[in-house]
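# Topology and contacts: notes
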Amino acid sequence: MLTVETLTVTRGGRTVLRDVNLTLAPGRTLAVLGQSGAGKSTLVASVLGLLRPDHGQVRWNGAPLPRGAAALVMQEPRAAFNPRLTLRRSVQEPLRARRLPDDPVRLARLCRGLELPPESLDRLPGQVSIGQAQRAGVLRALIAAPPLILFDEPLSALDAMTQKHTARMISELQREEGFAALVVTHDLGYAAAHADAIAVLRAGQIEETAETATFFAAPQSAYGRSLVEAAVSLGALGRQTAA
Amino acid sequence: MRAGRTILHPTDLSFAPGDRIGLVGPSGSGKSTLCHALVDQLQARGVAVAHVPQSPDEALDPLRRLDFHWSQAERALGLAPDAARRAQLLRALDLEGRPLNVRPWGWSRGMQQRFVIALALLASPALLVLDEPTSALDPIVAATTLELVEAQAARTGTTLLIVTHDLGLAAARARRLLVLHEGKLVEDSDTGTLLTKPQSTAAQALVAHRNWADLPC
Amino acid sequence: MRQILDLLLRALLVLAGAALLTFTLLWHAPGDPATTIAVARYDSVVSQEIIAQIRAEAGLDAGYWTAFRHWVTPLLAGDLGNSAVSGRPIWPEMRTAMALTAPLALSGLLIGLGLSIPLAMLAVRHPGGWVDRGAVAVASLGAAMPAYWLALLLILLFAVKLLWLPAMGTGSARHLILPALTLGLGTAAALTRILRSALLEARGAPFLPALARRGVQRRERALSHIAPHAAIPVLTVAGLELAFLLEGTVMVEVIFARPGLGGFLIHAIQARDFPKVQAVVLLIALVFVVVNLLTDLLYQLVDPRIGESDA
């Protein structure tokens, strides 16, 4: 269980996160919604332990988050890999870092779940499609079976159809593996379809948190309402009509 | 139209004044290139068409002030400087009263994008091509921007062509949809028909992946 | 405004550092400076008394900090001091030398700019075309060619074979041509390559196609948009290039027997005339600092993004 308690982070004299409280249970997905500049990346860095908070803490089952317990899937799949290493080497890096043995059976199973042809892993990041590179990023995050995975705008580099397909694969693997997923995104459609709970982040503060269905049925904050309106207006969410 | 590949003939595209058309195709298929080629060919045929690129970086020189861009566009169109027209166009895109003696990066990206649209509307185009108009913007800003453009286009009878990979977006904004697949125009019908009875397999796949989810209403 | 003050302050710090460093290096140079000065002054074997006298009058026996203060205090009032060898004030002699060097450096820069700008503009018309490849080849050749060799080739052609121009000396504008050409060709070679890549990059700026679609003519795109973007990298290098020109002039002046700053410096070094050496080094440092300062200011004028805080 991930708990973020009264997390406050200032950078360069500016409060980027103020009094953020979040909880996330294993097997569940929490989507943190917010626009650019809302503090999403700072939240990710703080949960990963890359930033020291000014106040508050990030805990896993009541204790500090152990090393290697959280993995990250980044926004730009190509930039997330060393361009000179094959995907296979990069994907197995988390195992090597924690001195764990290779597990070909697990690797093959995850590859199947992510629809990654085994031979694609022997290519360089620049030689596969963006979609494949991003799925290799998910594979790398999953390979050492961390209990918590952070996704930073995981789909924004992909096109509309690939986004939906990739999101389904991730959800399916989450059911099998049981990791907790913290997704920061500005894509409400993705959140509506795949998150269990929603937290709305605006200017470093949590405006509201709710179960996904509750949030989309009746957003409590004015900002949450305008986010839902915008998503409908841009066709990311449909309105069920009396068809 | 480039690299020896015929993607879309300008002749395929007849449009009614004031219509809103969505052009949907998968990303990575060079839709931006297509956009540019389409605009250039239509311009060469004497159609008054203006183009708003995906990102304001592709439309504004970061070293030049916004008022320079404006008067440059006026000169290029052979228009006399007209402060009232400028104020009216900027008002239409909710940019009224913002000082223009700054460089583009002095404004937020959403505002820059709206400035580029105002600049495009200065030409009183019959057709305004918007290339992935939401991808560089946050959703709330993108939705507001699209609503402002549509309102202004409706006032002037300008046809809008929204080029996007996202059928959900196109369906939400356009009355007529064109579907591109493997370099060909495979479908051209009004939005309602396309969503309920897609003919081509490409369109059927797009429709199946249209929305993330439907909201209870 | 704060940025300008910042730049000025940094420039002053660099100058102070240069002064201290020069003084320290010369102070610790091997050999006894007093003996060398005595030999330079009287041109023969000299007695220990004379050497001791020189040491006392030059402040050499007072210790490092005292000697440094002796030099710096009048310097702050604009007095470069007197030559250790002749005892005469340094400034008038140095001014005469500068009067020969400044026109040489400037005309070298002008020739460099005058050649490289049209050459680079021609080259980028058709990147990869024969004009472009030719320009790159000539520029690489020019950059690889040492100034003293180029100088000799020019002398051989214009002074020895054609008898058009004087090979060395000063006195007329004609005497300036060959040294200026030597400097200018080297500068042109360096600038052409930088200008070419700057222009190529500026021509690929993402907003240019949109300008064309808006009906902005080719000429205006080139002058109002490509040129300023290309100027940014060129400005930096041109500033540095001007400073390096000073260095080049030293060599060129020696080859063409022009009694400019180059000869002045070399004579001072040979005679161990420390106050003179310090004066020249300080002058060169000053030119470097001023040129860099101007470049920085121009930079902010051309590209206001620089110096803006990103907040």
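Residues numbered from 1 in each chain as written. Chains lettered and ligands numbered in written order. Predicted model: local features only at pLDDT ≥ 70, side-chain atom pairs only at ≥ 80, totals over all residues.

### A few points about the overall build of chain A
- Secondary structure summary: chain A contains eight helices and eleven strands in total.
- Computed over the C-alpha atoms, the radius of gyration of chain A is 18 Å, within 12% of the 18 Å expected from 2.2 N^0.38 for a compact globule of 243 residues.
- Seen through its principal axes, chain A has C-alpha atoms that stretch 50 × 50 × 30 Å.
- Sorting the 243 residues of chain A into buried and exposed places 47% on the buried side.
- Sequence-distant contacts, at least 24 apart, represent 69% of the contacts inside chain A between residues at least 6 apart. (Helix = DSSP H or I, 4+ residues; strand = E, 2+ residues; numbered from the N terminus. Rg over C-alpha atoms; globule rule 2.2 N^0.38 Å. Buried ≥ 20, exposed ≤ 12 C-beta atoms within 10 Å, placed from the backbone. Contact = placed C-beta atoms within 7 Å.)

### Regarding the interface of chain B and chain C
- On the chain C side, the residues contacting the 17 residues of chain B number 14 residues.
- Breaking the side of chain B that touches chain C down by element, the ones donating at least two residues are α1 (31–44) and α2 (66–77) of chain B.
- Broken down by element, the residue count for the side of chain B that touches chain C peaks at four residues, all from α2(B).
- Considering only residue class, the side of chain B that touches chain C consists of ten nonpolar, three polar and four charged. (Nonpolar A, V, L, I, M, F, W, Y, C, P; charged D, E, K, R; others polar.)

### Notes on the interface of chain A and chain B
- The interface of chain A with chain B comprises 27 residues on the first partner and 26 residues on the second.
- Taken together, the elements giving at least two residues each to the side of chain A that touches chain B come down to α5 (160–177), α6 (188–194), α7 (212–217), α8 (222–233) and β11 (237–239) of chain A.
- Across the side of chain A that touches chain B, the residue classes tally to 15 nonpolar, nine polar and three charged.

### Structural notes on the UniProt feature "domain: ABC transporter" (unreviewed entry) in chain A
- Per the UniProt record, "domain: ABC transporter" (unreviewed entry) is annotated on residues 2–228 of chain A.
- Each end of residues 2–228 of chain A is marked by a C-alpha atom, and these two atoms are 27 Å apart; helix forms 36% of the span and strand 27%. (UniProt positions renumbered as here; feature names shortened; annotations may be inferred.)

### Points about the arrangement of the chains
- For the two pairs of chains in contact, the largest share of contacts goes to chains A and B.
- Separated in space, chain A and chain C share no contact, their closest pair of C-alpha atoms being 10 Å apart.

### So, the nonpolar core
- Ranked by internal contacts, the top residues of the largest apolar core, which has 141 residues, are Val32(A), Leu182(A), Ala118(B) and Val129(B).
- No fewer than three residues from each of domain 1 (1–69 + 149–243) and domain 2 (80–145) of chain A sit in this core.
- Counting 58 residues, the second-largest nonpolar core is a separate cluster that includes Ala97(C), Val124(C), Ala139(C) and Ala231(C). (Core = buried A, V, L, I, M, F, W, Y, C linked by C-beta atoms within 7 Å. Domains from an automatic or database assignment.)

### Overview of α5(A)
- Between the first and last C-alpha of α5(A) there are 26 Å, a value that for 18 residues agrees with the 26 Å anticipated at 1.5 Å per step.
- Of all the residues in α5(A), the buried ones are Ala160(A), Thr162(A), Gln163(A), Lys164(A), Thr166(A), Ala167(A), Ile170(A) and Leu173(A).
- Buried residues belonging to α5(A) abut α3 (104–113), α4 (130–143) and α6 of chain A together with α6 (167–173) of chain B.
- Remark: Gly178(A) follows α5(A) within two positions and exhibits a positive phi of approximately 75°. (Expected span 1.5 Å × (residues − 1).)

### As for the sheet that holds strand β10 (residues 205–211) of chain A
All names here are of chain A.
- Pairing is mixed across the open sheet formed by six strands, whose spatial order is β6-β7-β8-β3-β9-β10. Both edges of this open sheet fall to β6 (70–73) and β10, since each of them pairs with a single strand only. Sheet twist, expressed as the mean angle between neighbouring strand axes with direction ignored, is 20°.
- Bridge count between strand β3 (residues 29–33) and strand β9 (residues 197–202): four bridges; the pairing is parallel. Within β9, the position partnered with Leu30 by the bridge is Ala197. (Pairing = 2+ DSSP bridges. Axes fitted to C-alpha atoms, helices over the stretch in contact; angles between N-to-C directions.)

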